[in-house]
Amino acid sequence: MIEGAAVVTVDAPEPNISATGTEYAEGHVVIEDGRISAVGPGAAPPQPGAVRRVDGSGCLVTPGLVNTHHHLYQWATRGYAVDATLFGWLTELYPVWAGIDEELTGSAAAAGLGWTALSGCTTVADHHYVFPDTGGDVLGGVVSGAERIGVRLHAVRGSMDRGQSAGGLPPDSAVEDTESALRGTEDAIRRFHDPAFDSRVRVAVGPCSPFSVSGELMRSSAELARRHGVRLHTHLAETIDELERCDREFGCDPVEYAERLGWLGEDVWLAHGVHLSERDVARLGETGTGVAHCPSSNGRLGAGTAPVRPLLDHNAPVGLGIDGVASNESGRLGDELRQALLLGRARYGPDALSVRDALWMGTRGGARCLGREDELGSLEPGKLADIALWDLDGLGHAGIGDPVAALALGPLPKLRGLLCGGETIVADSRLTRESERDLTAELRRSCSSIAAKGVG
């Protein structure tokens, strides 16, 4: 039972410039058997049986943040190509990534998930699309990393079948043939996907992008995903280079190309969506296709910023993403609340996005992108107890009367607690399952190992 904290439930189905739903200046949240059983103002009513009380004074309670796009393996390759555009960055890094293996992905995933948990994140969609011939069970490494930290994982089984010899960007050693990619994807669904209400691991189907994947693989992957009832994810419309390449190769823009291949719909969410026309935005809204907005990564690579306000106005699901930390070295989803807010206002004006819009995208909007709005993303009875308890009782937030403004505009607060399914996975800004020091040492060894292979 959490009492005495400001509570922002984010129970509004749609974002609004002035509110995201019910809020209590001082309220309570009651958790039982991994789910929320009550939310309300003031002190909680008497509860039967033994109760563990948490003093939330000076804190803000929100849903746990939902990260809709990540590449956890990239935690071992930060700081490369720091002044490059996307295509130049990929050209430098693909040969490095061709040397990853199961041990590295496990270490990088545990480190990355631990770090983003410390920024308030309880659910992460990780898009893994590099499967070297000698890498072993690299996706299994990502899943094991999530189990170590205790967060929910949406393991997006990615794929690439267009190496350099076929006009793609990655070296041939880092791609699969089409049939192998489809078999590997189906195997991942059978091994790891848990459709249960409270599942910790789900699998989505995620060919990497139109410039590293054949049309055949894109179309067949969509058919495979729908046959198994799982979601679809890919990169789309991230850079001007991509638009020009799409026009040269396919005679259309990326959204039109995606639609030709069966890649629009309520079971699809797309990473980035920076360069979208008015028609594209309307079409995403009409089809219920989601967008993972990654403001820091897009800024780091100079790609631009997504048309978030128009997307929201057209009722397209919009969530926030860290993206790989090779293009967002900060690696904290909590930071993306502020980044999304500032970049949205820089593009559309000061009234384009509110602090509550930013929180909505980071919670309920992300849950909608992942198809889990009935389970996650808001504080409502019956939903899973994925909850962040932000400590605003310090110098960094003193004097900011609105706790949501303190969270979204101030420095990222420390966590007094982070719960996933009612389990405390962060307590007083420390991970409960793993030592941050041990994760750091393990990650350093992984960074050294990939450098020692000489592929960088």
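Within each chain, residues carry numbers counting from 1 in the order of the written sequence. The model is predicted, so local features are restricted to residues of pLDDT at least 70 and side-chain atom pairs to those at 80 or more, both for listing and for counting; the totals for chains, interfaces and linings are taken over all residues. To obtain the side-chain values, all non-hydrogen atoms of the structure were included, while hydrogens and water were left out.

Chemist: What's the story with the layout of surface pockets in this structure? I'm lost.
Modeler: Where empty space is left can be seen by rolling a probe of water-molecule size over the atoms. Approximately 430 Å³ is the volume attributed to the largest pocket. Lining residues are defined by having an atom within 4 Å of a point belonging to a cavity or pocket. Those points lie on a 1 Å grid over the protein atoms alone, cavities being sets where a 1.4 Å probe fits but cannot get out and pockets being open sets with protein on both sides within 12 Å along at least five of seven lines. Lining the largest pocket are 22 residues, with Met1, Ile2, Ile31, Arg52 and Val54 positioned closest to its centre. Counting from the N terminus, the helices are the DSSP runs of H or I reaching at least four residues and the strands are the DSSP runs of E reaching at least two. Those elements that provide at least two residues to the lining of the largest pocket are β2 (23-32), β14 (387-391), β15 (414-420) and β16 (423-427). At 4 residues, the largest contribution of residues to the lining of the largest pocket is made by β15. When its residues are assigned to classes, the lining of the largest pocket shows 15 nonpolar, 4 polar and 3 charged. As for the second largest pocket, its lining consists of 13 residues, of which Trp75, Arg78, Ala111, Thr440 and Leu443 are closest to the centre. Sorting the residues of the lining of the second largest pocket by element identifies α2 (102-117) and α14 (436-452) as the ones contributing at least two each. Grid points are joined across faces, edges and corners, and a volume is the space filled by probe spheres set on the points. For this scheme, ten residues count as nonpolar: Ala, Val, Leu, Ile, Met, Phe, Trp, Tyr, Cys and Pro. Four count as charged, namely Asp, Glu, Lys and Arg, and the remainder, Gly too, count as polar.

Chemist: Which parts of the structure should I look at to understand unusual backbone geometry?
Modeler: Even without a glycine there, the phi angle at His272 is positive, about 90 degrees. Mapped onto the elements, His272 comes out in strand β11 (residues 268-272). We classify His272 as buried; its relative accessible area is 1%. Even without a glycine there, the phi angle at Asn315 is positive, about 65 degrees. Relative accessibility under 20% of the residue-type maximum defines a buried residue, over 50% an exposed one, and the middle range a partly exposed one, all with a 1.4 Å probe and only protein chains included.

Chemist: Could you clarify how one ought to interpret the packing of helix α11 (residues 333-348) against helix α12 (residues 355-369) in this entry?
Modeler: For any two helices packed against each other, the geometry is given by the interaxial angle and the distance between the axes. Orientation is described by axes fitted as lines to C-alpha atoms, over the contacting stretch for helices, and by angles from 0 to 180 degrees between their N-to-C directions. For the pair α11 and α12, the least separation of the axes is 9 Å and the interaxial angle reads 130 degrees. Between α11 and α12, the interaxial angle falls into the category oblique. In the crossing of α11 with α12, the sense of the turn from one axis to the other is right-handed. Contacts from Leu337, Ala340, Leu341 and Arg345 of α11 reach α12 at Val355, Ala358, Leu359, Met361 and Gly362. By the definition adopted for this analysis, an angle is roughly parallel if under 35 degrees, roughly antiparallel if over 145, roughly perpendicular if from 65 to 115, and oblique otherwise. The handedness criterion is simple: a crossing whose near helix is rotated anticlockwise from the far helix by less than a right angle is left-handed, and one whose near helix is rotated clockwise is right-handed. A contact between two residues is defined here by any heavy atoms of the two lying within 4.5 Å.

Chemist: Just checking my understanding: could you explain the packing of aromatic side chains for this structure?
Modeler: Aromatic ring pairs: the centre-centre distance and the angle between the two ring planes describe each pair. Aromatic rings from Phe, Tyr and Trp, with only the six-membered ring used for Trp, were paired whenever their centres fell within 6.5 Å, and each pair was classed as stacked if the ring planes differed by under 30 degrees, edge-to-face if by over 60, and tilted otherwise. Within the structure shown, the criterion is met by 6 aromatic pairs. For the ring pair Tyr73 and Tyr129, a centre distance of 6.0 Å and an interplane angle of 90 degrees mean the geometry is edge-to-face. Taken as a pair, Tyr73 in the loop between β6 (65-70) and α1 (86-97) and Tyr129 in the loop between β7 (121-128) and α3 (138-149) lie far apart in primary sequence, 56 residues in all. For the pair Tyr73 and Tyr129, one class covers both residues: buried. Ring pairing ties together the aromatic residues Tyr73, Trp89, Tyr94, Trp97 and Tyr129, which thus form one cluster.

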